[in-house]
Amino acid sequence: MVQLSKFAVWFGLGLASVSAAAAGEPATEAIPVDSFAALALKCVHQEYPNKISHVLQSDKDVAPPRELTPAFYGCFDWHSSVHGHWMLVRLTKLYPDAAFVPAARAGLAGSLTQENLAADALYLAGDGRASFERPYGLAWLLCLAEELRQWDDDQARQWSANLAPLEAEAAARFRTWLPNLYYPIRTGEHSQTAFAFGLVLDWARVVGDEEMADLVKGKALGFYLEDDACPLGYEPSGQDFLSSCIAEADLMRRILPPGQFAAWLATFLPVIPIDGSAEWLPVGVVTDRSDGKLAHLDGLNLSRAWMLEGIIAGLPTDDPRVPSLRAAADAHRAVGLAAVTGEHYEGGHWLGSFATYLVTGKGGGSSFER
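Within every chain, residues take consecutive numbers counted from 1 along the sequence as written. Per-residue local features are limited, in this predicted model, to residues with pLDDT of at least 70; the limit for side-chain atom pairs, both in listing and counting, is 80 or more; totals at the level of whole chains, interfaces and linings are taken over all residues. Excluded from the side-chain calculations are hydrogens and water; all other atoms, namely the structure's heavy atoms, are used.

Peer 1: Lay out helix H4 (residues 78–94) with the relevant residues and their values.
Peer 2: Here a strand is any run of E in DSSP of at least two residues, a helix any run of H or I of at least four, and the numbering for each starts at the N terminus. Here the expected span of a helix is defined as 1.5 Å times the quantity of residues minus one. Between the first and last C-alpha of H4 there are 25 Å, a value that for 17 residues agrees with the 24 Å anticipated at 1.5 Å per step. The cut-offs for exposure are 20% and 50% of the maximum accessible area for each residue type, with area from a 1.4 Å probe on protein chains only; residues under the lower value are buried, those over the upper are exposed, and the others partly exposed. The element H4 is largely enclosed, with a buried count of 16 among its 17 residues.

Have a look at this one:
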């Protein structure tokens with residue numbers, strides 16, 4: 001087991017336990033969720049450094065991030081701020097008595113006001129911003145909305161109501177874009193469609209938006225159902241934080257029933273062995289964690305781990321590839337979690353969210369709905 005207690009020392013916080021398999025089950029390892037929460041609390045209201053994707057129409061559009069998007073201006077960029085807030089919501093919901101909870105609630109209350117969120121929605125509606133944070137940031141916004149909707153808590157209900165106009169705008173952006181999207185986007189970074197489709201589909205199922213679910217599933221089947229022999233050997237590229245091949249499989253297990261998914265996976269990723277080894281998918285190597293792009297590979301290890309676990313959840317339990325999928329997931333999990341230290345802001349502003357997605361089993365419960 002990877003030794004993670006150093007993270008608690010780094011932040012001066014205690015450890016909380018979380019199941020590696022799924023939230024709500026007995027913990028199988030000690031994970032410093034307090035430290036993960038501390039990463040988000042450090043950055044959600046830290047305005048600088050900041051990287052904005054901002055279209056200017058005139059001098060009047062020149063303003064600091066806190067004025068442009070007052071709800072989500074910290075954590076270096078808009079999408080990282082959004083999933084930093086998602087992390088605080090999820091951890092507070094799962095661990096209501098943890099030491100970080102009062103600070104997390106205060107941080108969320110300061111951001112998720114009706115006024116702030118209305119300003120972010122107004123920003124999205126501005127001229128020249130039709131593609132703003134599409135699809136990655138918008139998908140994470142829906143993930144945040146989904147998390148709030150599933151939390152039986154008075155404050156959460158108010159935050160959810162405050163978020164509703166921005167949630168509706170994000171969903172509307174997908175409804176407008178998807179019918180016009182003729183090709184999938186197969187990158188290892190923010191523009192990738194497979195990962196975003198998974199988040200949007202999870203949201204649609206929770207809120208009961210059958211139209212959106214059908215739209216996403218239709219696009220996914222059209223883009224990916226006939227794919228074969230995904231070139232896994234070409235991965236990763238030098239600054240990936242998502243795997244194009246693994247993310248596609250993690251999406252398709254949400255759509256296809258287990259037997260059909262197993263057959264599709266055999267064609268799509270025929271390289272998965274049945275010998276229980278992990279060598280078929282080497283972990284990503286990070287050479288410089290102070291370089292924000294090179295540090296993306298820490299995120300790749302984390303996202304691969306949860307996606308591999310999702311793939312396992314989508315297969316029949318007796319599928320002979322499961323041991324090798326599990327071995328690769330465990331290897332990526334260990335290396336990925338060991339890198340979530342906060343030593344460098346280049347990774348500290350976002351890796352905690354990926355670690356939380358992994359250790360709380362966020363994606364694994366969203367397989368094909370029978």
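Once you've had a look at it, read on.
Peer 1: Let's hear about unusual backbone geometry: which residues, and what values?
Peer 2: Phi is mostly negative for residues that are not glycine, and the peptide bonds are mostly trans. Here the bond from Tyr 48 into Pro 49 is cis, since omega is 0°, no more than 30 degrees from zero. Looking at where Pro 49 falls in the secondary structure, it is placed in the loop between helix H2 (33–43) and helix H3 (65–68). Of note, the amide linkage connecting Glu 235 to Pro 236 takes the cis form, showing an omega dihedral of -5°. With respect to the element layout, Pro 236 can be found in the loop between helix H10 (210–224) and helix H11 (244–252). Even without a glycine there, the phi angle at Phe 76 is positive, about 80°. With respect to the helices and strands, Phe 76 occurs in the loop between H3 and H4. For Ala 229, which is not glycine, the phi torsion reads 50° and is therefore positive.

Peer 1: Could you give an account of the environment of Leu 199, naming the residues involved and the relevant values?
Peer 2: If you trace the backbone, Leu 199 turns up in helix H9 (residues 193–207). The residues touching Leu 199, leaving out its near neighbours within four places in the chain, are Ala 139, Trp 140, Cys 143, Glu 146 and Tyr 357. By definition in these notes, contact holds between two residues if any of their heavy atoms fall within 4.5 Å.

Peer 1: Now, about the state of the cysteines: what can you tell me, with residues and values included?
Peer 2: The rule for a disulfide is simple: a pair of cysteine sulfur atoms within 2.5 Å. Counted according to the given criterion, the structure contains two disulfides. Linked covalently through their sulfurs, Cys 43 and Cys 75 form a disulfide whose S-S length is 2.0 Å. Taking the torsion about the S-S bond as the criterion, the Cys 43 to Cys 75 disulfide, at about 70°, is right-handed. Highlighted residues: Cys 43 in helix H2 and Cys 75 in the loop between H3 and H4, separated in sequence by 32 residues. What makes Cys 43 buried here is its relative accessible area of 1%. Here Cys 230 engages in a disulfide with Cys 245; their sulfurs sit 1.9 Å apart. The S-S bond linking Cys 230 to Cys 245 shows a torsion near -85°; that makes this disulfide left-handed. Here Cys 230 is found in the loop between H10 and H11, whereas its partner Cys 245 is found in helix H11, with 15 residues between them in sequence. Exposure class is identical for Cys 230 and Cys 245. Each is buried.

Peer 1: For the packing of helix H7 (residues 136–149) against H9, give the residues involved together with the corresponding values.
Peer 2: Close contact between H7 and H9 brings their axes to 9 Å; oriented N to C, the two are set at 30°. With respect to each other, H7 and H9 are oriented roughly parallel. Considering the relative orientation of H7 and H9, their crossing is left-handed. Facing Tyr 136, Ala 139, Trp 140, Leu 142, Cys 143, Ala 145, Glu 146 and Arg 149 of H7, the residues of H9 in contact are Phe 195, Ala 196, Leu 199, Val 200, Asp 202, Trp 203, Val 206 and Val 207. Only the contacting stretch of a helix is used when fitting its axis, a line to C-alpha atoms as for every element, and angles between N-to-C directions run 0 to 180 degrees. Under this scheme an angle from 65 to 115 degrees is roughly perpendicular, one under 35 degrees roughly parallel, and one over 145 degrees roughly antiparallel; angles in between are oblique. It is the rotation of the near helix from the far one that decides the hand of a crossing: anticlockwise by less than a right angle makes it left-handed, clockwise makes it right-handed.

Peer 1: Break down the nonpolar core for me, citing the residues and quoting the values.
Peer 2: As used in this record, nonpolar core signifies buried Ala, Val, Leu, Ile, Met, Phe, Trp, Tyr and Cys residues forming a set joined through side-chain atoms within 4.5 Å. If you look at the biggest cluster of nonpolar residues, it comprises 110 residues, and the most contacted ones within it are Phe 36, Phe 72 and Trp 140. Here this core takes ten residues from H7, the largest share from any one element.

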